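As a plain string of letters, each chain reads:
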Amino acid sequence: MLKLDWDRRTCARRGHITYAPTEPGLASRLHASTALGDAWRCLRCGDFALGAPHGSGPAEEAPLVPRGKALRDLFILRFLAVERVLRGLLILVVAWAVWKFSNSQDAVHRVFDENLTVFRPVTEHFHWDLEHAPIVETIRKTFEFKKSTLLIVAGALVAYAVVEIVEAVGLWLNKRWAEYLTVVATAAFLPLEGYELSHHVSALKVCTLVLNIAAVLWILLSKRLFGLRGGVVAFEAERHSASLLEVEQAAGTAARPGHGAHARV
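Residues numbered from 1 in each chain as written. Predicted model: local features only at pLDDT ≥ 70, side-chain atom pairs only at ≥ 80, totals over all residues. Heavy atoms only, no water.

Visitor: Looking at this structure, how should I read the pattern of salt bridges?
Guide: Side chains that differ in sign of charge can pair as their charged atoms come close. Counted by the stated rule, this structure contains 9 salt bridges. The partner of Glu83 in a salt bridge is Arg87, and the shortest N-O contact between them spans 2.6 Å. Linking Glu83 with Arg87, this pair stays in helix H3 (residues 69–103), spanning 4 residues, or about one helical turn. Judged by its relative accessible area of 17%, Glu83 falls in the buried class. Here Arg84 makes a salt bridge to Glu167, at a shortest N to O gap of 3.3 Å. Placement of Arg84 in helix H3 and of Glu167 in helix H6 (residues 147–172) is noted, with a sequence separation of 83 residues between them. When sorted by exposure, Arg84 lands in the same class as Glu167, which is buried. (Salt bridge = Lys/Arg side-chain N within 4 Å of Asp/Glu carboxyl O. Helix = DSSP H or I, 4+ residues; strand = E, 2+ residues; numbered from the N terminus. Buried < 20%, exposed > 50% of the residue type's maximum accessible area, 1.4 Å probe, protein only.)

Right, dumping it as structure tokens:
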């Protein structure tokens, strides 16, 4: 089974990212002269790309381009971001429906009762107790809610949707604060999701609960949040260790004559 090359796949879609460091030794390791012109190594996939570099300056000012595991993790974060924004938009639609319902509760109640009367002969033919069906009882309970209660519910849903959309934007941009927000917000709703699942099992609820638990555990461990696995220091060290420039700098330093002997002193 072929392993997916995230670096080259991304470069094929978005193009290479090159950089010319001002340090001569490092620049020589990233540069090549060809019959077609100068070529510079891509900071993401490591292949040489023809043309002028996209940027130049000291190596410490070079962009930190996600590659390898960091790039794969970014794809997962963006998948979670898409899921969050879709959920946020759906919750906004539900909040709007609750608000509309609060303004026309009596009219909706009348329409519901009228339509229920139409379906009653059919359900009686099949010996189904429509009056005591779970979905009918649930709908009728909503008619008992006060308008103020429905407005509070709509407001809470809007707030929840905003949190989900903020999470999505932060995760898409690979912001560490968004990872903390996602873990805290998602974990806070896990008991509620488990409670709902204990009362009514559905494939959607099971998939949502499993996805949320997996997302919390993955972000906690892979991003080393709350001090886990060395915390932010170990996370930044791991992120920089995958940088092509830092790999080349380390290789160039190790290749200097006498460096190894000096290191052993």
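Visitor: When you look at the sheet that holds strand S3 (residues 37–41) in this model, what are you seeing that I'm missing?
Guide: Picture the strands of a sheet paired through backbone hydrogen bonds; they go either parallel or antiparallel. Here 3 strands make up an open sheet; going across it, the order is S2-S3-S4 and the pairing antiparallel. Strands at the two margins of the open sheet, each flanked by one partner only, are strand S2 (31–34) and strand S4 (48–50). On average, adjacent strands in this sheet sit at an angle of 30° to one another, irrespective of strand direction. (Pairing = 2+ DSSP bridges. Axes fitted to C-alpha atoms, helices over the stretch in contact; angles between N-to-C directions.)

Visitor: Just checking my understanding: could you explain the packing of aromatic side chains for this structure?
Guide: The relation between two aromatic rings is expressed through the spacing of the ring centres and the mutual angle of the planes. Per the counting criterion, the structure on display carries 3 aromatic pairs. Taken together, a centroid distance of 4.6 Å and an interplanar angle of 45° make the contact between Trp6 and Phe75 tilted. Within this pair, whereas Trp6 is found in helix H1 (residues 6–14), its partner Phe75 is found in helix H3, the two being separated by 69 residues in sequence. Phe75 sits in the partly exposed class, given a relative accessible area of 23%. Above the face of the Trp172 ring, Arg78 is positioned so that its terminal group lies 4.6 Å from the ring centre. (Phe/Tyr/Trp six-rings, centres within 6.5 Å; stacked < 30°, edge-to-face > 60°. Lys NZ or Arg CZ within 6 Å of the ring centre and 35° of its normal.)

Visitor: Before we go on, may I ask you to explain helix H7 (residues 176–199) in this structure?
Guide: The α-helix advances 3.6 residues per turn, and as a result positions three or four apart in sequence lie on the same side. If you check H7, its first and last C-alpha atoms are 36 Å apart, about what 24 residues at 1.5 Å a residue would give, namely 34 Å. Along H7, the largest kink reaches about 35° and is centred on Leu190; proline Pro191 follows within four residues of it. (Expected span 1.5 Å × (residues − 1). Bend = angle between axes of the 7 residues up to and from the residue.)

Visitor: Which parts of the structure should I look at to understand the environment of Lys223?
Guide: Here Lys223 lies in the loop between helix H8 (203–222) and helix H9 (231–241). Taking relative accessible area as the criterion, Lys223 reaches 4% and is therefore assigned buried. Each C-alpha atom of the pair Lys223 and Ala70 lies 10.0 Å from the other, and the pair is 153 residues apart in sequence. Leaving out residues up to four positions away in the same chain, Lys223 has contacts with Asp73, Leu77, Asn174, Arg176, Glu179, Trp218 and Phe235. (Contact = heavy atoms within 4.5 Å.)

Visitor: How should the nonpolar core be read in this particular structure?
Guide: Most often, soluble globular proteins keep nonpolar side chains buried together rather than apart. Core analysis: the biggest nonpolar cluster contains 12 residues, these being Leu77, Leu80, Ala81, Ala168, Leu171, Ala178, Val183, Ala215, Val216, Ile219, Leu220 and Leu225. With 4 residues, the single largest contributor to this core is H8. Dropping the residues within four chain positions of it, Ala178 is found in contact with Glu167, Gly170 and Leu171. (Core = buried A, V, L, I, M, F, W, Y, C linked by side-chain atoms within 4.5 Å.)

Visitor: Even after reading the chapter, I still don't get unusual backbone geometry, so can you show me in this structure?
Guide: Trans is the common state for peptide bonds, and a negative phi is the common state for residues other than glycine. One non-glycine residue, Asn174, lies in positive phi territory at about 60°. In this fold, Asn174 is placed in the loop between H6 and H7. We classify Asn174 as partly exposed; its relative accessible area is 33%. The phi torsion at Arg224 lies on the positive side, around 55°, for a residue other than glycine. Structurally, the position occupied by Arg224 is in the loop between H8 and H9.

Visitor: What should I look at first to understand a nonpolar patch on the surface in this one?
Guide: On the surface, Val82, Leu86, Leu89, Leu92, Val158, Val162, Val166, Val169, Trp172, Leu173 and Trp177 cluster together to form a nonpolar patch covering roughly 960 Å² of accessible area. Elements supplying a minimum of two residues to the nonpolar patch: H3 and H6. By the element assignment, Val82 lies in helix H3. (Patch = residues over 30% accessible without salt bridge, like charges linked within 9 Å, V, L, I, M, F, W, Y side chains within 5 Å. Areas by Shrake-Rupley, 256 points an atom, 1.4 Å probe, with all protein chains shown as cover.)

Visitor: Where do I start with the packing of H1 against H3 in this structure?
Guide: Axis angle and axis distance: for two packed helices, these are the angle between their axes and the distance between the axes, and together they describe the pair. Between H1 and H3, whose axes approach to 9 Å, the crossing angle comes to 65°. Judged by residue contacts, Trp6, Asp7, Arg9, Thr10, Arg13 and Arg14 of H1 engage Leu71, Arg72, Phe75 and Arg78 from H3. Along the lines of polarity and charge, the residues of the contact of H1 with H3 split into 3 nonpolar, 1 polar and 6 charged. (Nonpolar A, V, L, I, M, F, W, Y, C, P; charged D, E, K, R; others polar.)

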